[in-house]
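Inside the fold
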Amino acid sequence: MKSDIEIAQEANMEPIQNVAAKIGIGEDELDLYGKYKAKLTDDLWERVKENPDGKLVLVTAINPTPAGEGKTTTTVGLGQAMDKIGKRAVIALREPSLGPCFGLKGGAAGGGYAQVVPMDELNLHFTGDFHAITSANNLLAAMLDNHIQQGNRLNIDTKQIVWKRCVDMNDRVLRNITVGLGRKADGVTREDHFIITVASEIMAILCLAADMQDLKERLGRILVAYTYDGKPVTAGELNAVGAMAALLKDAMRPNIIQTLEHTPALVHGGPFANIAHGCNSLRATRTALKLADYTITEAGFGADLGAEKFFDIKCRIAGLKPDAVVLVATVRALKYNGGVARENLAEENLEALAAGIVNLEKHIENIAKYDVPCIVTLNQFVTDTPAELDYVKRFCEERGCEFALSEVWEKGGEGGVALARKVVETIETKKSEFHCLYEDSLPLREKMSTIAREIYGAGEVIFEPGVESQIARIESLGFGSFPVCMAKNQYSLSDDKSVLGRPEGFPLHIRDVYVSAGAGFVVAITGTIMTMPGLPKVPAAEQIDVNDEGRITGLF
């Protein structure tokens, strides 16, 4: 079998104008970035905004394991399969971050014959959106420090600066730094921090803003520091909004590319789901809904993170109502959750499958809490046995959950036809009664506890020293009605990434809470999760190269 990048680089791509035309987008509604990618113009939205919405399908997964689940692969393959059965489909995805690309993942464009292309360009600089977000974030940081250096008219307490610089790279040594060393003209010496770009509030704002006016209003509300009197200081008070908006002007517009089978894909925005809200941009999703019968989108990592945030943050803020959820799993990953070592996952083991399938069970139960129809799909491997496949099928159906096999990695859209038909049938026969998990009026502490207990299965929720006062301050500033964005590791339902399966009754530790006032949510940091990841011992970057002909190698 060829590698993902080999398949992608051998693809026969169509000019992006042809792909866009399939969903009624004219050439004058595209700003081209080469032959195979483009940005959508604001004129397109003005033309289609009164169109009725198509159906919205969320693709999510069980907790990720080294065995791999293939959530993006399934999303892409399902979109291709919808075309195969005569449905007009658009895929709505996030843009990959350079951090995991050079760290562990080596790329994030799907896999096998269910990929979006150009794969190498998408994984690297794409259309420059992340660079614009990084620049806007760091411009605000520079203006903040300059304000302090130039007399500090706003009386900012340098011990209470909460705005951090960012870079789209896994660079652990930047987590905690000292700035302003040197001469008096080099600035005020203070402790500072970096986060990865995909955790920046600017990323969240771009993904949740409806238009330029909304973007500016959200940017203006960003809370950057507190005064010596404890009053909040915003980006608006630093007069930074206009310049940030100028940097983000083009980044605000959704990008369009194609799958290997020329299905249109809107790829825009990219907040992580373990440390941010994990959803592609609202503008891309809304545009896709106006252009397609079925919009297939995904949320990051497992359903405990991605789906919960998609429902309780994105859908709440945007008023979206998903029609169905596709929950992705693999037999291999379920056996891994059941205690099988990675090297033994190819062997039939029904006992381990029964032990590990409780992870899938918890995610099925969680989706049911939102009253959205759920279809479980198994990414089928050649090592999966009929007995194992039948066990999972019966397990799902006994719980009132639809089931379909998927072979999109190997067969592309043709391998997802059964899943596509099951999704269409489910939407036509089962009405979504979507609602959020908690009400806006619930106190922040109770929102966090509700997510921890209802979605993760925690028992006691431990608010570490100082957190209660952080929550009280946030509520006193008028942000108590905001939804909560829980920052938690992706590998376990608990805050301990080594605990697999379905842990129950465990203590969940919340060690930090802060408000993203512009994005419109409160972030709760759990366990040991970091907002600036580090590279692994052998980073994927060591295998990435470019040959004399300019062809990228090593992405996977």
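For the structure, see preceding data.
This text gives an overview of the structure that appears in the document. (Residues numbered from 1 in each chain as written. Predicted model: local features only at pLDDT ≥ 70, side-chain atom pairs only at ≥ 80, totals over all residues. Heavy atoms only, no water.)

1. What to know about the overall build of the protein chain
Inclusion rule: Secondary structure elements follow DSSP: runs of H or I no shorter than four residues count as helices, runs of E no shorter than two count as strands, and numbering proceeds from the N terminus. Between the two quantities, the radius of gyration covers C-alpha atoms and the globule rule is 2.2 Å times the number of residues to the power 0.38. Throughout this description, buried means an accessible area under 20% of the type-specific maximum (1.4 Å probe, protein chains only), exposed means over 50%, and partly exposed covers the range between. We call two residues in contact when some of their heavy atoms are within 4.5 Å. Computed with the Shrake-Rupley method and a 1.4 Å probe, the accessible areas treat only the protein chains shown as cover for residues.
The number of helices and strands found in the protein chain is 19 helices and 25 strands. Relative to the 2.2 N^0.38 estimate, which gives 24 Å for 556 residues, the radius of gyration of the protein chain is 23 Å and therefore close to what a compact globule would have. Dimensions of the protein chain along its principal axes, counting C-alpha atoms only, are 70 × 55 × 50 Å. In the protein chain, which comprises 556 residues, the proportion classed as buried is 60%. Of the contacts formed within the protein chain by residues at least 6 apart in sequence, a portion of 75% connects residues at least 24 apart. If you sum the accessible surface of the protein chain, you get close to 21400 Å²; carbon and sulfur atoms cover 49% of it.

2. Some details on helix H10 (residues 241–248)
Formally: Directions from the helix axis toward the C-beta atoms define the arc.
What H10 keeps buried is the set Val 241, Met 244, Ala 245 and Leu 248. The buried residues of H10 occupy one face: seen down the axis, they fall within an arc of 100 degrees. Of the surrounding secondary structure, the elements contacted by the buried residues of H10 are helix H7 (129–149), helix H8 (201–208) and helix H9 (212–221).

3. Considering the environment of Ala 209
Positionally, Ala 209 belongs in the loop between H8 and H9. Of the residues examined, Ala 209 reaches a relative accessible area of 0% and is grouped as buried. Setting aside residues no more than four positions away along its own chain, Ala 209 makes contact with Asp 214, Leu 215, Arg 218, Met 252 and Arg 283.

4. As for the side chain of Gln 115
The test is simple: The definition of a polar contact used here is a pair of N or O atoms within 3.5 Å, where within protein one atom must be able to donate a hydrogen and the other to accept one, and adjacent residues in sequence count solely through side-chain atom pairs.
As for its placement among the helices and strands, Gln 115 is situated in strand E6 (residues 114–117). Residue class for Gln 115 comes out buried when judged on its relative accessible area of 0%. From its side chain, Gln 115 meets the backbone oxygen of Gly 112 in a polar contact 2.8 Å long. Once you skip the residues sitting within four places of it in the chain, Gln 115 turns out to touch Asp 4, Ile 7, Ala 8, Val 76, Gln 80, Ala 109, Gly 110, Gln 258, Thr 259 and Leu 260.

5. Structural notes on the packing of helix H12 (residues 303–318) against helix H18 (residues 444–456)
For clarity, the threshold we go by: The convention used is that axes are lines fitted to C-alpha atoms, helices contributing only their stretch in contact, and that angles between N-to-C directions extend from 0 to 180 degrees. Just so you know how the angles are binned, under 35 degrees is roughly parallel, over 145 roughly antiparallel, 65 to 115 roughly perpendicular, and the rest oblique. Throughout, a crossing is termed right-handed when the near helix is turned clockwise from the far one, and left-handed when it is turned anticlockwise from it by less than a right angle.
Where H12 contacts H18, the two axes come as close as 11 Å, and the packing angle between them is 125 degrees. When the interaxial angle is binned, H12 and H18 end up oblique. Where H12 crosses over H18, the handedness of that crossing is right-handed. Across the interface between the two elements, Asp 304, Leu 305 and Glu 308 from H12 touch Ile 451, Ile 455 and Tyr 456 from H18.

6. Comments concerning the packing of aromatic side chains
Rules: Between 30 and 60 degrees the pair is tilted, below 30 it is stacked and above 60 it is edge-to-face, where a pair is any two Phe, Tyr or Trp rings, Trp via its six-membered ring, whose centres lie within 6.5 Å. Comment: the charge-over-ring label is applied if NZ (Lys) or CZ (Arg) is within 6 Å of the ring centre and within 35 degrees of the ring normal.
Counted by the stated rule, this structure contains six aromatic pairs. Relative to Phe 311, the ring of Phe 310 has its centre 5.9 Å away and its plane inclined at 70 degrees; by these criteria the two rings are edge-to-face. Grouping residues by exposure puts Phe 310 and Phe 311 together as buried. Centre to centre, the rings of Tyr 370 and Phe 434 are 6.4 Å apart; their planes meet at 10 degrees, and the pair counts as stacked. Remark: Phe 434 occurs in the loop between helix H17 (417–429) and H18 and Tyr 370 occurs in the loop between helix H14 (350–368) and strand E18 (374–379); sequence separation between them is 64 residues. With a relative accessible area of 2%, Tyr 370 lands in the buried category. Feature note: the residues Phe 310, Phe 311, Tyr 370 and Phe 434 constitute an aromatic cluster, connected by ring pairs. Just above the ring of Tyr 226 sits the side chain of Arg 473; from NZ or CZ to the centre is 3.6 Å.

7. Some points on empty space enclosed by the protein
Cut-off, in case you're wondering: Think of a 1 Å grid over just the protein atoms. A cavity is a set of points where a 1.4 Å probe fits yet cannot get out, a pocket is an open set with protein on both sides within 12 Å along at least five of seven lines, and lining residues have an atom within 4 Å of a point. Grid points are joined across faces, edges and corners, and a volume is the space filled by probe spheres set on the points. Just so you know the grouping, Ala, Val, Leu, Ile, Met, Phe, Trp, Tyr, Cys and Pro go in nonpolar, Asp, Glu, Lys and Arg go in charged, and all remaining residues, Gly too, go in polar.
Inspection of the entire model under this criterion finds two cavities of 30 Å³ or more. Approximately 90 Å³ is the volume found for the largest cavity. Lining the largest cavity are 13 residues, and of these Pro 96, Leu 124, His 125, Phe 130 and Asp 168 lie nearest its centre. Residues of the lining of the largest cavity, tallied by class, amount to six nonpolar, four polar and three charged. In this structure, the second largest cavity encloses a volume near 40 Å³. Lining of the second largest cavity is provided by Ala 303, Ala 307, Glu 308, Phe 311, Asn 366, Ile 367, Tyr 370 and Ile 455. Elements supplying a minimum of two residues to the lining of the second largest cavity: H12 and H14.

8. With respect to the pattern of salt bridges
Note the following rule: Criterion for a salt bridge: a side-chain nitrogen of Lys or Arg within 4 Å of a carboxyl oxygen of Asp or Glu.
Tallied over the full model, the rule gives 34 salt bridges. In this structure, Asp 129 engages Lys 39 in a salt bridge whose closest nitrogen and oxygen atoms are separated by 2.9 Å. One end of the pair, Asp 129, is in helix H7; the other, Lys 39, is in strand E2 (residues 38–40), with 90 residues separating them in the sequence. Residue Asp 129 is classed as buried on the basis of its relative accessible area of 2%. Here Lys 411 and Glu 407 are joined by a salt bridge, their closest N and O atoms 3.4 Å apart. For Lys 411, a relative accessible area of 42% translates into the label partly exposed. A relative accessible area of 26% means that Glu 407 is categorised as partly exposed.

9. Comments concerning the sheet that holds strand E20 (residues 461–463)
Filter applied, for reference: Each pair of strands is called paired provided DSSP finds at least two bridges between the two strands.
Here we have four strands laid out as an open sheet, ordered E20-E22-E23-E21, and mixed in their pairing. Both edges of this open sheet fall to E20 and strand E21 (484–487), since each of them pairs with a single strand only. Going across the sheet, the axis of each strand differs from the next one's by a mean of 35 degrees, ignoring polarity. Pairing of E20 with strand E22 (residues 508–516) involves three bridges; the strand directions are parallel. Its bridge partner being in E22, Phe 463 is matched across the sheet by Ile 510. Taken strand by strand, H12 contacts E21 and strand E23 (521–526), and its axis lies near 165 degrees from that of E21.

10. Section: the state of the cysteines
As a reminder of what qualifies: The definition used for a disulfide is geometric: two cysteine sulfur atoms within 2.5 Å.
Inspection of every chain in the model, using the stated rule, returns zero disulfides. The thiol of Cys 374 is unpaired, and the distance to the nearest cysteine sulfur, on Cys 401, comes to 3.6 Å.

11. Describing the sheet that holds strand E12 (residues 223–227)
Read across the sheet, three strands follow the order E7-E12-E13 without closing on themselves; strand pairing throughout is antiparallel. Here the strands that pair on one side only, and so sit at the sheet edges, are strand E7 (156–161) and strand E13 (232–234). Taking each pair of neighbouring strands and ignoring which way they run, the sheet shows an average axis angle of 50 degrees. Pairing geometry for E12 and E13, over three bridges, is antiparallel.

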